[in-house]
Amino acid sequence: MSEHTLLSKLANSLFAASLLAILLIASPLQSLAAELNISSNQLPIPLGQYLDYFEDSSAGLDIEDVLAGEFGWQRSSETIPTLGMTTSAYWFHVDISSRSAIEEELVLGIDSAVLDRAEIYTVINGEVAQRSLTGDRVAFSEIDIPYRIPVSSLELAPPGQTTSVYIRALSTAGVEMPLVLTTMNLLAQEQQTQLTFFGAFFALFFISFCVCASFYFNMKDREFQGYTLFFAAAIPFFLSQSGMGRVWFWGELASANNRIAFVAAVFLVVSMCQLGRAVSIRTRHRDAIDLVLRYINYLMLPVGLYMLFAPIDSITPDTVQILMFVGLSTALCVVILAGITAIQGSRSALYLFASWLFIILAYSSFLFYKFALTERSAVSGIVGESLMLVAALMLLMSLFEFVRNKNEEMDRIQLETKAKGDFLRNVSREFLTPVHLILANSKRLLDSGSEPGDQSNRDCVDTVITQSNHLHNLINDLLEMAELESDSFEPEFELVEMSHFLNGIREILLPSAMEKGLEFTTEFASANLLIQTDKMRLQHALMNITTNAIRYTDKGAIKLGYKAIYFRRRLGIEIHITDTGRGMSEEFKQQMFQEFAREIPESEKDPQGTGLGMVIVKRMIEKLGGEISFESSLGNGSQFFIRMPLRVVTE
């Protein structure tokens, strides 16, 4: 062979190789789909890197258009093709063949619970052999294989022939294609770990919600409201994101998954605002921060209503992205506030800071693949929810630390209250001595040899005696209130026969009633009823009420009686005191059991009583295990009811 011939062949070979390289580089969009040849022992097989795809921006193409036309198919370079949030439809294509017959039924699983709609077509010999519809906007009754993620059966062509699979995917919440070829048994086994994790996850969140709700309803603190709202919103949000909500609750409600996720996300932002406002940060900008968070809080109300009632197709990815950025910004704000407060010495804020760091990490990983900034990994969902699980634990620790601080604060307040009560009792007793001396000497002066004509001096002495009596009663009431509030208050319970007991009260107060021309009667629904109570203190309470009834009744009658009732699911007694006096105004009825509350008619220049009697009565009845209520109207008299158990149950 001549040298010229060798050079010619070498040049031709180089030209062919160059041309092939240029074609491979210049036409990636026209690449042909890789044919995947499978066998049973290879299952399950992730198909992500074998997929070709193209974007249908109009979302108007159907399978006939795709089979008939030529489109810019692009080979996926990712294990899980991650294409972000869009209104476009994406078509995916893969060719599958088998060396031998596969006995088990094959399925295609798409591990993306938020895929709105997936249409899967099996094409054999150019003809559509099988169609299936799945996705979270499709009711379970319309799906061949209802599952928490989109699953579709797959019928392969006979061995040696090729089966083409086309998938049309549409999702405003993000198009991802974690496509796996497997069998239903293998898929169930693989999903078992995730289902166990989800069960533990939702159990923890539900228990956390119950704990926070109980704290909130008992203590009414804004921070507890934030914790409660966070867990209440997180549960439906993750139910929708994991697909478990469709399995457990709303599988037949088309579009419910997306709508619930959007509304729950709004309430998550609201909970972040509540927690940020509850952080006890010490800074001169605290009011401005509170104002901003409150504004975001109020702004979420119309957003939540829009997400709840707007047509689902009108909620675009742009709207969802704005909500996501607002949520991330609010979470960052809470982290900064909690961090500063933790530096200032709050352990509760330290746990809150750690919690929101984990939340931001989980949220950021979620945003990155939702916006197609990074490829979604096979464990992205589990990693994100694991971070949220740790965040929930940190949030609970923050809650318990907050409760511990509250308890310490309550203990400190109780000690301060006890110290004030002790001081009040001691000072009141010291006041009683000079008051007694003033009363005694004033009465002695009045009874001494003052001239009858010296009326002005007698009036002055009468005034001293009246006011000294008033001061004496006030000090006694203060002493009694201090005793009721103290830890040393111990009722002395004994058995009391009520008919004899109430008749005794009537005999004591009957002269006062007769002096005003009032009828005073007793009535008993049953005789010889025994009640376990503190006789002296109950007598004091009843005499206080009955004395007021006599004082404020000018004509008519006073009635004192009782009857047996059921009180708090146990046998009890209801004592009633009825008068035909002047009654009470609506305004005063609202203040009846407040300290120093008195209704002073225009006809009276000086008030009667100290305004503490009914407060003492109410607290005394409650200390004895009962309750007091009343009915009254101006000009029509009053009726008081005291309900108590027949027997005291000791802890």
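Residues numbered from 1 in each chain as written. Predicted model: local features only at pLDDT ≥ 70, side-chain atom pairs only at ≥ 80, totals over all residues. Heavy atoms only, no water.

A. Spatial organisation of the overall build of the protein. Within the protein one finds 15 helices and 20 strands. Taking the contacts inside the protein whose residues are at least 6 apart along the sequence as the reference set, 76% of them involve residues at least 24 apart. On the protein, roughly 33,500 Å² of surface is accessible, and the fraction owed to carbon and sulfur atoms is 58%. (Helix = DSSP H or I, 4+ residues; strand = E, 2+ residues; numbered from the N terminus. Contact = heavy atoms within 4.5 Å. Areas by Shrake-Rupley, 256 points an atom, 1.4 Å probe, with all protein chains shown as cover.)

B. Structural view of the sheet that holds strand E17 (residues 557-567). The strand order across the open sheet formed by five strands is E15-E17-E18-E20-E19, and the pairing between neighbours is mixed. Edge positions in the open sheet fall to strand E15 (519-524) and strand E19 (627-632), since each of these has one partner strand only. With strand direction ignored, the average angle separating the axes of adjacent strands in the sheet is 20 degrees. Pairing analysis gives six bridges linking E15 to E17, with the strands arranged parallel. Bridge pairing links Glu 523 to Gly 561 in E17. Strands in contact with helix H13 (residues 535-551) are E15, E17, strand E18 (570-579), E19 and strand E20 (638-645); relative to E18, the strand with the most contacts, it is inclined by about 25 degrees. Sheet contacts for helix H15 (residues 613-623): E19 and E20; angle to E19, the most-contacted strand, approximately 135 degrees. (Pairing = 2+ DSSP bridges. Axes fitted to C-alpha atoms, helices over the stretch in contact; angles between N-to-C directions.)

C. Geometry of unusual backbone geometry. The omega angle of the peptide bond from Leu 43 to Pro 44 is -5 degrees, so this bond is cis rather than trans. Take Pro 44: it is sitting in the loop between strand E1 (35-38) and strand E2 (45-46). Phi angles above zero are rare outside glycine, and Asn 125 is one such case at about 55 degrees. A residue is classified by how much of its surface remains accessible, and Asn 125, at 64% relative accessible area, is exposed. Unusually for a residue other than glycine, Ser 255 sits at a positive phi of about 70 degrees. Mapped onto the elements, Ser 255 comes out in the loop between helix H5 (244-250) and helix H6 (256-278). (Buried < 20%, exposed > 50% of the residue type's maximum accessible area, 1.4 Å probe, protein only.)

D. Spatial organisation of the packing of aromatic side chains. Taken as a whole, this structure holds 25 aromatic pairs when the rule is applied. Ring geometry for Tyr 53 versus Tyr 90: centroids 6.3 Å apart, planes at 55 degrees, classification tilted. Remark: Tyr 90 occurs in strand E6 (residues 89-98) and Tyr 53 occurs in strand E3 (residues 52-56); sequence separation between them is 37 residues. Here Phe 205 and Phe 238 contribute two aromatic rings whose centre-to-centre distance is 6.2 Å and whose plane-to-plane angle is 75 degrees, an arrangement assigned as edge-to-face. Of the two residues, Phe 205 sits in helix H3 (residues 184-219) while Phe 238 sits in helix H4 (residues 222-242), which places them 33 residues apart along the sequence. (Phe/Tyr/Trp six-rings, centres within 6.5 Å; stacked < 30°, edge-to-face > 60°.)

E. Fine view of a nonpolar patch on the surface. Among the surface-exposed residues, Leu 301, Leu 305, Leu 308 and Phe 309 lie close enough to one another that they form a single nonpolar patch of about 430 Å² accessible area. Relative to the helices and strands, Leu 305 is located in helix H7 (residues 286-309). With a relative accessible area of 43%, Leu 305 lands in the partly exposed category. (Patch = residues over 30% accessible without salt bridge, like charges linked within 9 Å, V, L, I, M, F, W, Y side chains within 5 Å. Salt bridge = Lys/Arg side-chain N within 4 Å of Asp/Glu carboxyl O.)

F. The sheet that holds strand E10 (residues 151-154), seen in detail. The four strands lie next to each other as E2-E13-E7-E10, forming an open sheet whose pairing is antiparallel. If you trace the sheet from one side to the other, it starts and ends with E2 and E10, each paired once. Most of the contacts of H3 go to strand E13 (residues 179-183), to which it runs at about 115 degrees, and overall it touches strand E7 (106-110), E10 and E13.

G. Seen up close, the nonpolar core. Grouped together as the largest cluster of nonpolar side chains are 66 residues, with contacts concentrated most on Tyr 227, Phe 230, Phe 231 and Trp 356. Counting only elements with at least two residues in this core, the list comes to H3, H4, H5, H6, H7, helix H8 (317-343), helix H9 (347-370) and helix H10 (380-447). Broken down by element, the residue count for this core peaks at 12 residues, all from H6. Discounting chain neighbours no more than four positions away, the residues touching Phe 230 are Leu 268, Ser 271, Trp 356, Ile 359, Met 388 and Leu 395. Of all hydrophobic cores here, the second largest spans 42 residues; its members include Ile 550, Met 614, Val 617 and Phe 640. (Core = buried A, V, L, I, M, F, W, Y, C linked by side-chain atoms within 4.5 Å.)

H. Local environment of the packing of H7 against H8. Running from N to C, H7 and H8 cross one another at 150 degrees; their axes reach a closest spacing of 12 Å. Our classification of the angle between H7 and H8 gives roughly antiparallel. Considering the relative orientation of H7 and H8, their crossing is left-handed. Packed against H7, whose contacting residues are Ile 289, Leu 293, Ile 296, Met 300, Val 303, Tyr 306 and Met 307, the element H8 presents Thr 319, Leu 323, Val 326, Thr 330, Cys 333 and Leu 337 at the interface. Broken down by class, the residue content of the contact of H7 with H8 amounts to 11 nonpolar, two polar and no charged. (Parallel < 35°, antiparallel > 145°, perpendicular 65-115°, else oblique. Left-handed = near helix turned anticlockwise from the far one by under 90°. Nonpolar A, V, L, I, M, F, W, Y, C, P; charged D, E, K, R; others polar.)

I. Highlighting H7. For H7, spanning 24 residues, the distance from its first C-alpha to its last is 35 Å, which sits close to the expected 34 Å at 1.5 Å a residue. Residues of H7 that are buried include every one of Arg 286, Asp 290, Leu 293, Ile 296, Asn 297, Met 300, Gly 304 and Met 307, and no others. Against H4, H6 and H8 lie the buried residues of H7. (Expected span 1.5 Å × (residues − 1).)

J. Summary view of the pairing of strand E16 (residues 530-533). Because side chains alternate across E16, one face comprises the buried residues Ile 531 and Thr 533, and the other comprises Leu 530 and Gln 532, none of which is buried. The pairing of strand E14 (residues 494-497) with E16 spans four bridges and is classified as antiparallel. Its bridge partner lying in E16, Leu 495 is registered against Gln 532.

K. Seen up close, the pattern of salt bridges. Inspection of the entire model under this criterion finds 18 salt bridges. A salt bridge links Asp 290 to Arg 277; the shortest N-O distance between them is 3.0 Å. Here Asp 290, found in helix H7, pairs with Arg 277, found in helix H6; they are 13 residues apart in sequence, far enough to count as distant. Each of the two residues, Asp 290 as well as Arg 277, counts as buried. Its salt-bridge partner being Asp 534, residue Arg 537 comes within 2.9 Å of it at the nearest N-O pair. Taken individually, Arg 537 and Asp 534 each receive the classification buried, so the pair is uniform in this respect. It is possible to trace a salt-bridge network through shared partners that takes in Asp 116, Arg 137 and Asp 313.

L. The side chain of Ser 638, seen in detail. Looking at where Ser 638 falls in the secondary structure, it is placed in strand E20. Judged by its relative accessible area of 8%, Ser 638 falls in the buried class. Side-chain polar atoms of Ser 638 contact the side chain of Ser 632, separated by 2.8 Å. Those residues in contact with Ser 638 that lie beyond four places of it in its chain are Ile 577, Thr 578, Asp 579, Gly 583, Met 584, Glu 631 and Ser 632. (Polar contact = N/O pair within 3.5 Å; in protein donor to acceptor, adjacent residues only side chain to side chain.)

Purely geometric stuff here, so don't read any function into it on its own.
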